[in-house]
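# Summary of structural features
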Amino acid sequence: MAYADEAASHHDPQTFITKYVWSQDHKVIAVQYASVAILVGLIGVTLSNIMRLQIGFPGVFAFITPERYYQYVTMHGMIMVIYLLTALFLGGFGNYLIPLMVGARDMVFPYMNMLSFWVYLVSVIVLLASFFVPGGPTGAGWTLYPPQAILPGTPGYDWGIILMLVSLLIFIVATTMGGLNYVTTVLQARCEGMTLMRMPLSVWGIFTATVLALLAFPALFVSGIMMLLDKTLHTSFFMPALVSMGQVTNYRGGSPLLFQHLFWFFGHPEVYIVALPAFGIVSDLISVHARKAIFGYRMMVWAIVVIGGLSFVVWAHHMFVSGMNPWFGFFFATSTLIIAVPTAIKVYNWVLTLWNGDIHLSVPMLFTLAFILTFLSGGLTGLFLGNVSVDIPLSGTYFVVAHFHMVMGVAPLLVVFGAIYHWYPKISGRMLDDRLGKFHFWVTFIGTYLIYFPMHYLGVLGMPRRYYNFDGYQFIPPSALTLNAFITVVALVVGASQLVFVYNLVWSVFRGPKASSNPWRAASLEWFTPETPPKHNNWGPALPVVHRWAYAYSVPGASEDFIAQTAPLSDGGMEPEPYEVKEAIA
Amino acid sequence: MAIAVALLLIVVGSVIFQLVSPWGLTPLASNWNRMDDTMAITLVITGIFFVVINLFVVYTLMRFRHRKGQRAAYEPENKKLERWLIGVTTVGVVALLAPGLAVYADYVHPPSDAMVLEILGQQWQWRYRFPGADGKLGATDARFVNGANPMGLDPDDPAGQNNIIVSDNEVHLPINRPVKVLLRSHDVLHDFFVPQFRARMNIVPGQVSSFWFTPTQPGRYEAMCAQLCGVGHPNMRGTVIVEDDARFQAWLKTQPTFAATRKASELDASAGPAAQGKTLAQAKGCVACHSVDGSPGAGPTWKGLFGKTESLADGSSAAVDEAFLKEEIRDPQARVVKGFAPIMPKIELSDDDVDRLVAYIKSQGSTAQR
C-alpha cells in the first residue's frame, strides 16, 4: 500500500473554470454528479406522477395517450435506476466519500474522474434528446425487450430506441472510467493504518458495488450494441423470423431470450449496485446516530461481499416465466433464496446496533429507520417472487411493481436522503433546515408506504403492470380502481414534497446555519479534515494516520462517547481484532 | 418518539389490512391450489419476520432513545447470537423453498394424457389451434403467414390439414381435463394470463414455450396479455370458456380445420372484396382496436362508420367516404378522429388490399346498408 504523500503534485486550481467546471477535485465532481442526477431524477418523478394520473383517473387527462403513457413508463424506469440511483451512489457518494473516508488526497486518476462526469452528462443529454426526436422516446419498457423495442407498434421504435441505446453505451463508458478510479483508489490510496478491515462500511458497499458495475455493465454494453445492429443493419442477434404488422421481415434465427439473459445478467447485479452502497451508508448512519459500534462489523463486510458474489448467479429469477428452459427454475430459485441469508444478517445487525444504544432521532436517523422497515418489507416480498412457484401467478403484476419499488426504489432513496442530511454539513459547511427535513421525511416515508403496501394486493388480485387502462375487466372489482385513484393522490403529494427537499438543499447553501466540523460527533475519518468544507487536497500539509476502526462509539472508559479514527493509539477503542494483533501474526 | 408510534401503527395497520382487505387472490379455477398454499406459507413466514423485527425496533426505540446522561453499551459483536440468527434464517428459507420447489417439479411435468391446445399471440389478438383426431399439430413458420393462413401453418404438411383453427379471441376447454398449452408468436413477446388459472408462460417468437393446468370450475374467464407488446397491449383480450365435455365437443365441431379455412379463403376470393377485407382485417390486427359491433376500442368502431361525419382532433370535420378511409389507412397520423390517440401504425398494404379493407368497412357502414 502506498503511503507516500503526493501533496506536491496536486496543484491547486487557479480559476473559477478549473475549480468548479472542468474540475478534477473529487468533491466538486461528486457535487456535479449528484446535481445532475437529482435534476434528472426530478424529471423521473414527474414522469411517474403523470403516469399515475392515467392509472388513477383513466381517460380524464386527454394528453396522456397510450403512446405517451408507455414512453413515460419507460423513461421513468430507466432514469430512476440508471441515471439517478447508479449515478448518485457511485458518481456522487462514491466520489465524495471514498477519498475522504480512506484518507486520500483525491481519486488516483483525477483527470479520468473529470471525464467520467462529463461523459455522464453527455449520456443524460442524449437520453433527454429522445423526447424531441420524431416518434419520441422509446416506449418499450425499461427492460427494452426485443423484438418489440425495435418494431412498429411500440412508441419510439425508430429514433427513440436508438438514442436510448446510445445513451446507455455512453453512460457505461462514464461508469467504467469512474469505477476503475474508485476501485484503484480504495486498493492503492488508503492512508497509513487504514486497513481494509478498518474501512467504514460505506466504502465497502460502494467498493463492492463498483466491482459489480465493472463486471455487469459489459453485458448491457454488448447487448446494447447487438440491438443497435439489429435495428440499423438488420442483423438478427435477438430477432427470429417474424411478421411485423402483417409484413414478413428479413430477420431470421435470432433469440429474444438471449437479450433477456444478457440484460438480467447485468440487471440483477444492478439491483445490488444500487443496494450495496445503501447498505454501507445506512450502517454508518445507524452507528453514528445510535452512538454505538455497528454490530458484527466483520460479518457485515462478508455479507456485502457474499451478496455481491451471489448477485451474479441469480439473474434468471427475473425470467421464471420467460419461456426459458423451465429446469433452470430450480437452480435460480435456490440461489435466490440463499441470498436471503446474508441479506437477513444485515438487517439483524442493523437492528441489533440499535439495541442498548443511545438513539438520537435526528433527520438522518429517521431516514435510516424508515429504510430498515421499507427494505425489510421489500426484501420479504422478494421471497415470494424468488420462490419460483409463487412467482408464476405474481410475475408481471403490480405485486412486482410494489416489490421492486420498495426494495430498490424507495429504500435506496431513503438512504440517499438520510446520507444527504448527514453529510451536507461536511459538503457545504452549513446545516440543512431541520423542520423542512422532518416534513420531507414524514411525507416521504408514510406516503411511500401508503402507495406501495396496498399495491401488492392489486398484484395478488392479478392486475398486470404496464396497462394503460383496465376498462371492462370483470375480475377486477371497482374498489381496486378506487384504490388506484387513492394511490395516485398520495403519489402526487409525495412527488410534490420532494420540491421541499430541493428547496432545502438550495436555500441552505446560502442561508443554512453554519456547521461545526463534526456536528454529529462521528468517529470516521472524513469528519477530521483540517477545514470544513475540505479544501482541495483534503488533508492540508500531511496525510492523516489512522489507529482504529470507524466505529469506536461509547467505548468504556473513554472520556467522550466516540474516539476519532485519528486519535492516538493510547485512546483505545480498537476493532475487535486489532491491527497490531494481525500485524504481529503476520 | 413519533417514529416508534408510526412503526407500530404501520405494523398493526398492515396486519389488519391483510385480514380485512377486499383485495386478495382471485378465486382459483384450476388445479394449482398448491401454488396458493405455497403463497400462504410464504405470507405466514415472512409476516412473522416482518412483525417481529419491526416490533423489536419499536421497543428498542422506546427503551434506548437518547436521554440526558445516557450512554450506549459497547458490544461490537456476539458470535453466538450471530450464528443462532443465521441458523433460524436458514430454517425459514428452507421452509419456504422446499414446498415451492415441490410444486414447481409438478409444474414442469405435464401429465402424459393432457390434451394439447396451441395459443398464438399476435399484436393484439389471440388465435388457437387444436390437433385433429391423430393428435398431431402440423409444422409452422413465419414465412407462411398471410391473410388466409394467419397462424403460419405449413400448407404442405399433411399433419396440419386436420388441425382445428379458432380464428377468434375466444376458446373453449373441457372441465377437469389437463391441458398442455403450447405458445407461439410471429411478432413480439406476449403472455397468456388468466389470473384464475395461476399457471402461465411468456410467448416468445422463434420458439414454442408451454405450461399446463387443469380447469376445475366451469365459467367464462378473461385472458389478458401480461408481457408488454406495444401500444395495443391492454387491448389484447381473450376469453376462455370452461364447460362440460359434451358442450366442448359440440363447440369444437363448429370450428373449421386448416384445410377448410384454406378452402374458405379460396371461396372468399370469389365471394368478393368485403369478405376478403374481413380476413385481412383479422390478419393485420385491425380488429384489436376497431370493433365491428359498436363496442369501444382504441380506435373508432367500424359499425356505422361509413357515411358518417367525423369530428377530427384538429377541430375540423370530414365525411367518411372511400377517399377518407384510404387516406387514413395510408397515413394514419395525418388526421386523427377526435377522442382517439394517434397510435395507429402505418401498415404496408397493396392498393388491392386497401380496397378490400375499405370494402369491408363500407359493409359495416351506414344503417341503410346493414
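Because the structure is a prediction, the values reported are computed rather than measured.

Definitions and limits used
- Residues numbered from 1 in each chain as written.
- Chains lettered and ligands numbered in written order.
- Predicted model: local features only at pLDDT ≥ 70, side-chain atom pairs only at ≥ 80, totals over all residues.
- Helix = DSSP H or I, 4+ residues; strand = E, 2+ residues; numbered from the N terminus.
- Rg over C-alpha atoms; globule rule 2.2 N^0.38 Å.
- Buried ≥ 20, exposed ≤ 12 C-beta atoms within 10 Å, placed from the backbone.
- Contact = placed C-beta atoms within 7 Å.
- Domains from an automatic or database assignment.
- Axes fitted to C-alpha atoms, helices over the stretch in contact; angles between N-to-C directions.
- Parallel < 35°, antiparallel > 145°, perpendicular 65-115°, else oblique.
- Nonpolar A, V, L, I, M, F, W, Y, C, P; charged D, E, K, R; others polar.
- Pairing = 2+ DSSP bridges.
- Core = buried A, V, L, I, M, F, W, Y, C linked by C-beta atoms within 7 Å.
- Expected span 1.5 Å × (residues − 1).
- Left-handed = near helix turned anticlockwise from the far one by under 90°.

Let us look at the overall build of chain A. For chain A, the helix and strand inventory stands at 15 helices and two strands. In terms of overall size, chain A behaves like a compact globule, its C-alpha atoms giving a radius of gyration of 24 Å where 586 residues would be expected to give roughly 25 Å. Per-residue burial over chain A gives 63% buried out of 586 residues. Taking contacts inside chain A between residues at least 6 apart in sequence as the whole, the part at least 24 apart equals 80%.

It is common to report an interface's size as the accessible area lost on association of the parts. For chain B, the domain assignment lists domain 1 (2-64 + 77-107), domain 2 (118-259) and domain 3 (272-369). A straight line from the C-alpha centre of domain 1 of chain B to that of domain 3 of chain B covers 53 Å.

Residues and elements named next belong to chain A. Following both chains from N to C, one finds helix H10 (residues 363-386) and helix H13 (residues 434-461) inclined at 10°, their axes separated by 10 Å at the closest point. Between H10 and H13, the angle falls in the class roughly parallel. Facing Val363, Leu366, Phe367, Ala370, Thr374 and Thr381 of H10, the residues of H13 in contact are Asp434, Gly437, Lys438, Phe441, Phe445, Thr448 and His456. Tallied by class, the residues present in the contact of H10 with H13 amount to six nonpolar, five polar and two charged.

Another point: the interface of chain A and chain B. At the junction of the two partners, chain A supplies 101 residues and chain B supplies 91 residues. Of the residues forming the side of chain A that touches chain B, the biggest block, 13 residues, is contributed by helix H9 (residues 328-354) of chain A. Residue classes in the side of chain A that touches chain B are distributed as 69 nonpolar, 26 polar and six charged.

Next up on the list: the sheet that holds strand S6 (residues 190-193) of chain B. Residues and elements named next belong to chain B. Taken in spatial order, the five strands line up as S4-S10-S9-S6-S7 in an open sheet, and their pairing is mixed. Looking along the sheet, the strands with just one partner apiece sit at the ends: strand S4 (170-174) and strand S7 (202-203). For S6 and S7, the ladder comprises two bridges, and the chain directions are antiparallel. Bridged to Asp191 within S7 is Asn202.

Right, let's get into the nonpolar core. Val102, Val203, Ile206 and Ala411 of chain A are the most contacted members of the largest nonpolar core, which totals 290 residues. Looking at which element gives the most residues to this core, the answer is helix H3 (residues 66-102) of chain A, with 24 residues. Per-domain counts for this core show at least three residues from each of domain 1 (2-64 + 77-107) and domain 2 (118-259) of chain B. When near neighbours in sequence (up to four residues on either side) are disregarded, Val102 of chain A contacts Val186, Ala189, Arg190, Cys191, Met194, Met199 and Val203 of chain A. Counting 13 residues, the second-largest nonpolar core is a separate cluster that includes Ala283, Leu305, Leu357 and Ile361 of chain B.

Further remarks concern the sheet that holds strand S3 (residues 164-166) of chain B. All names here are of chain B. Strands sit in the order S3-S2-S1-S5-S8 across an open sheet of five strands; the sheet is mixed. Edge positions in the sheet fall to S3 and strand S8 (209-213), since each has one partner strand and no second. Neighbour-to-neighbour, the strand axes of the sheet open up by a mean angle of 25°, direction not taken into account. One ladder, built from five bridges, connects strand S1 (residues 115-122) with strand S2 (residues 125-130); its direction is antiparallel. Across the sheet, Leu120 pairs through a bridge with Arg127, a residue of S2.

Residue and element names in this part refer to chain A. Given a rise of 1.5 Å per residue, 20 residues ought to cover 28 Å, and the 29 Å separating the end C-alpha atoms of helix H4 (residues 110-129) matches this to within 8%. Three or more residues of H4 are buried, namely Asn113, Met114, Ser116, Phe117, Tyr120, Ser123, Val124 and Leu127. Check the buried side of H4 and you find it contacts helix H2 (26-56), H3 and helix H5 (159-188).

This part is about the pairing of strand S9 (residues 219-225) of chain B. In terms of strand pairing, S6 of chain B meets S9 of chain B through two bridges, oriented antiparallel. Paired with Phe193 of chain B across the bridge in S9 of chain B is Met224 of chain B.

Residue and element names in this part refer to chain B. Its location among the elements puts Val287 in the loop between helix H7 (273-283) and strand S11 (309-311). Separated by 125 residues in sequence, Val287 and Asn162 have C-alpha atoms that sit 26 Å apart. In this structure Val287 touches Gln125, Ala281 and Gln282, once residues within four positions along its chain are discounted.

Another aspect to go through is the environment of Lys308 of chain B. Considering the arrangement of structural elements, one finds Lys308 of chain B in the loop between H7 and S11. Note: C-alpha distance between Lys308 of chain B and Val320 of chain B (12 residues apart in sequence) is 5.6 Å.

Let us now look at the pairing of S1 of chain B. Residue and element names in this part refer to chain B. Among the eight residues of S1, six are classified as buried, and the element is accordingly described as predominantly covered. By the bridge criterion, seven bridges tie S1 to strand S5 (residues 179-185) in an arrangement that is parallel. When the bridges of S5 are listed, Leu120 appears paired with Arg184. Between the end of S1 and the start of S2, which pair antiparallel, lie two residues.

What follows is about unusual backbone geometry. Each neighbour pair has its own omega, and for Thr532 of chain A with Pro533 of chain A the value is -10°, a cis peptide bond. Positionally, Pro533 of chain A belongs in the loop between helix H14 (478-511) and helix H15 (579-585). Cis geometry marks the peptide bond from Gln123 of chain B to Trp124 of chain B; its omega dihedral reads -5°. Counting through the fold element by element, Trp124 of chain B comes out in the loop between S1 and S2. One non-glycine residue, Arg521 of chain A, lies in positive phi territory at about 55°. By secondary structure assignment, the location of Arg521 of chain A is in the loop between H14 and H15. With 16 C-beta atoms packed within 10 Å, Arg521 of chain A lands in the partly exposed category. Backbone geometry at Arg198 of chain B places phi at a positive 70°, although glycine is not the residue there.

Glancing now at the packing of helix H6 (residues 201-232) of chain A against helix H7 (residues 256-289) of chain A. Residue and element names in this part refer to chain A. Orientation of H6 relative to H7, taken along the N-to-C sense of each, is 160°, at an axis distance of 8 Å. Between H6 and H7, the crossing angle belongs to the class labelled roughly antiparallel. In the crossing of H6 with H7, the sense of the turn from one axis to the other is left-handed. Its residues assigned to classes, the contact of H6 with H7 shows 25 nonpolar, six polar and two charged.

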